[in-house]
Amino acid sequence: MLESYFKITSQGSSVRRDILAGIATFLAAMYIIVVNPTIMNAAGIPFASALTATVLVSFFGSLMMGLYARNPILVAPGMGINALFTYTMVVGAGIPWQTALGCIFWAGILFAVLAVLNVRRYIIDAIPAQLRYAISCGIGLFITVIGLVNAGFLVSNPATVVGLGEMTPTLVTFLIGLAITAVLVARNMPGALIIGIVATTLMATAIGRFWGDASAFSPTGSATLVNFNGIFALPDFSAVGQLDLIGALNIAYWPFIFVVLFTTFFDALSTFMGVCQAGKLLDRNGEPRNIRQSMMVDAMSAVISGPLGTSPANAYVESAAGISQGGRSGLVAVTAALLFLPFLFLSPLLSLVPSIATAPALIMVGVFMLDPIRHINWYEFDDAIPAFIAMILIPLTYSITHGVVFGFLAFVVVKAGVGKRHEIHPTMWILAALSLLLLFQE
């Protein structure tokens, strides 16, 4: 039955190989089960509820990717977009998390419309590749900064804006965990990020018990950083359906809806193109296999994310872990989807993980997301300057929106200033005008 539906053998694989590839993909991406709820919790969404949403979105998204698009690609709440949700929209702009979830929903609806109309090629032509690469890198740097701040490595300093944190037992534990995680990643160890999270959590159990005091890091003010609250619990659905659909349509939030749409759309498209190109999963035209169906799955995953209580889901580049081991069919994604389900009932156990344990994973994700920097044309300054501005302002302003806005404006101004107006797509003029409106609105 599996062979008949997925056509595994004709794609050069086997049922056993695709199942093992699905396990490898899951191990490479399962860190999101802990990391995403931690980031959502900073926005005010309860950890257990965010964990339930993360697991459900990852399950349904990956299952649809396997059964409908029949591609070996995992879908889960995206890194970068969750930082946009928490630190730019909720913490930075002061948007209630319920309204921010409404923005996520409407962005997902627009994404679905774009996917149905199959306008990906027009969108690709509108936004220059140099800016797309730069924004991806900027988000990677932003995620790294978030990890360093969560660990207490970077702290505010009135004299220098930022500075190095005090070398406390908590920070020392983080640095050891970061070293372990970096070595495992460098050795291409399967599941390196989750192993690093577990190792750092185990080391952190000593803080407040045998040495140090974690009250500055503990949400409850406890001297101990890791506190056992049980293993099993029923799923927490308290955030399900809490999105504010009407409030999200306020004109003041339209720029955020656009940025969410922009980020999710291009993240999905670039992931499909990169993973499928590397795995030679291409159709007769040289495009990613079943790209239209895959984009529809990504869009629908984004649509259900808001109602379930989390930031948008999208395709994961970690899918390359399974593809590199021979996974070729949608059975890979189905296998990964099923592996998420048991974690619905493990929220007390996973709540043991402190922020210093997920920080090394965030930093490694930042490393992974910097890959596109090599595609930026640094020798042509009319390309390099807008790219650099977008990339550097995302972490420095602690806002993906501001980086995107100033990147668009810089591109239009520089290209027009050097007499290359023909390189500015008409849509970019509209985006630049919207960017100006956003800045003056603030």
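Residues numbered from 1 in each chain as written. Predicted model: local features only at pLDDT ≥ 70, side-chain atom pairs only at ≥ 80, totals over all residues. Heavy atoms only, no water.

- Naming follows an unreviewed UniProt entry, where the protein appears as Putative MFS transporter, AGZA family, xanthine/uracil permease of Kushneria avicenniae.
- Recorded under Subcellular location (unreviewed entry), the UniProt text for the protein is reproduced unchanged: "Endomembrane system".
- Under the UniProt heading Sequence similarities (unreviewed entry), the entry covering the protein gives this text: "Belongs to the nucleobase:cation symporter-2 (NCS2) (TC 2.A.40) family. Azg-like subfamily." (UniProt positions renumbered as here; feature names shortened; annotations may be inferred.)

1. A word on the overall build of the protein
Part 1 of the reasoning: Along the protein, the regular secondary structure elements total 19 helices and four strands.
Part 2 of the reasoning: Its C-alpha radius of gyration of 21 Å places the protein within 12% of the 22 Å reference for a compact globule of 442 residues.
Part 3 of the reasoning: Counting only C-alpha atoms and orienting by the principal axes, one finds that the protein spans roughly 65 × 65 × 45 Å.
Part 4 of the reasoning: The 442 residues of the protein split such that 55% are buried.
Part 5 of the reasoning: In the protein, the share of contacts with a sequence separation of at least 24, taken over all contacts with a separation of at least 6, comes to 78%.
Part 6 of the reasoning: Accessible surface, the protein: about 18300 Å² in total, of which carbon and sulfur atoms supply 68%.
Part 7 of the reasoning: Across the protein, 18 positive and 18 negative side-chain charges occur, with their mean positions spaced 12 Å apart. (Helix = DSSP H or I, 4+ residues; strand = E, 2+ residues; numbered from the N terminus. Rg over C-alpha atoms; globule rule 2.2 N^0.38 Å. Buried < 20%, exposed > 50% of the residue type's maximum accessible area, 1.4 Å probe, protein only. Contact = heavy atoms within 4.5 Å. Areas by Shrake-Rupley, 256 points an atom, 1.4 Å probe, with all protein chains shown as cover. Lys, Arg positive; Asp, Glu negative; His and termini not counted. Charge placed at Lys NZ, Arg CZ, Asp CG, Glu CD.)

2. Some details on the packing of aromatic side chains
What characterises a pair of aromatic rings is the spacing of the ring centres plus the angle enclosed by the ring planes.
Part 1 of the reasoning: Scanning all chains against the criterion turns up eleven aromatic pairs.
Part 2 of the reasoning: With 6.0 Å between their ring centres and 35° between their planes, phenylalanine 26 and phenylalanine 343 make a pair best called tilted. Of this pair, phenylalanine 26 sits in helix H2 (residues 15-29) while phenylalanine 343 sits in the loop between helix H14 (331-340) and helix H15 (347-350), and the two are 317 residues apart along the sequence.
Part 3 of the reasoning: Given the relative accessible area of 6%, phenylalanine 26 is considered buried.
Part 4 of the reasoning: By relative accessible area, phenylalanine 343 is classed as buried at 15%.
Part 5 of the reasoning: When the centroid spacing of 5.8 Å and the interplanar angle of 90° are considered together, the rings of phenylalanine 262 and phenylalanine 408 count as edge-to-face. Taken together, the positions of phenylalanine 262 in helix H11 (residues 254-278) and phenylalanine 408 in helix H18 (residues 400-417) put the pair 146 residues apart, joining distant regions of the chain. Accessibility classification places phenylalanine 262 together with phenylalanine 408 in one group, the buried group. (Phe/Tyr/Trp six-rings, centres within 6.5 Å; stacked < 30°, edge-to-face > 60°.)

3. Quick word on a nonpolar patch on the surface
Part 1 of the reasoning: Together, Met1, Leu2, Val15, Ile19, Leu20, Ile23 and Leu27 make up an exposed nonpolar region whose accessible area comes to about 580 Å².
Part 2 of the reasoning: A per-element tally of the nonpolar patch places H2 first, with five residues.
Part 3 of the reasoning: Counting through the fold element by element, leucine 20 comes out in helix H2. (Patch = residues over 30% accessible without salt bridge, like charges linked within 9 Å, V, L, I, M, F, W, Y side chains within 5 Å. Salt bridge = Lys/Arg side-chain N within 4 Å of Asp/Glu carboxyl O.)

4. Structural notes on the pattern of salt bridges
Part 1 of the reasoning: This model, assessed by the stated rule, comprises five salt bridges.
Part 2 of the reasoning: A salt bridge links arginine 374 to aspartate 371, with the nearest nitrogen and oxygen atoms 3.0 Å apart.
Part 3 of the reasoning: Aspartate 382 is paired through a salt bridge with lysine 415; the nearest N and O atoms lie 2.6 Å apart. On the criterion of sequence distance, the pair formed by aspartate 382 in helix H17 (residues 381-396) and lysine 415 in helix H18 is long-range, its members being 33 residues apart.

5. Here we look at the domain arrangement of the protein
Interfaces are often sized by the accessible area lost when the parts come together.
Part 1 of the reasoning: Segmentation of the protein into domains returns domain 1 (12-168 + 238-353) and domain 2 (378-441).
Part 2 of the reasoning: Its C-alpha centre places domain 1 at a distance of 25 Å from the equivalent point of domain 2.
Part 3 of the reasoning: If you look at the interface, domain 1 gives 28 residues, while domain 2 gives 21 residues.
Part 4 of the reasoning: With both sides pooled, the region where domain 1 packs onto domain 2 buries about 2100 Å², and carbon together with sulfur makes up 80% of that total. (Domains from an automatic or database assignment. Buried area = accessible area lost by both parts, 1.4 Å probe.)

6. Some thoughts on the side chain of threonine 358
Part 1 of the reasoning: By the secondary structure assignment, threonine 358 is in helix H16 (residues 355-369).
Part 2 of the reasoning: Taking the relative accessible area as the measure of exposure, threonine 358 reaches 1% and is therefore buried.

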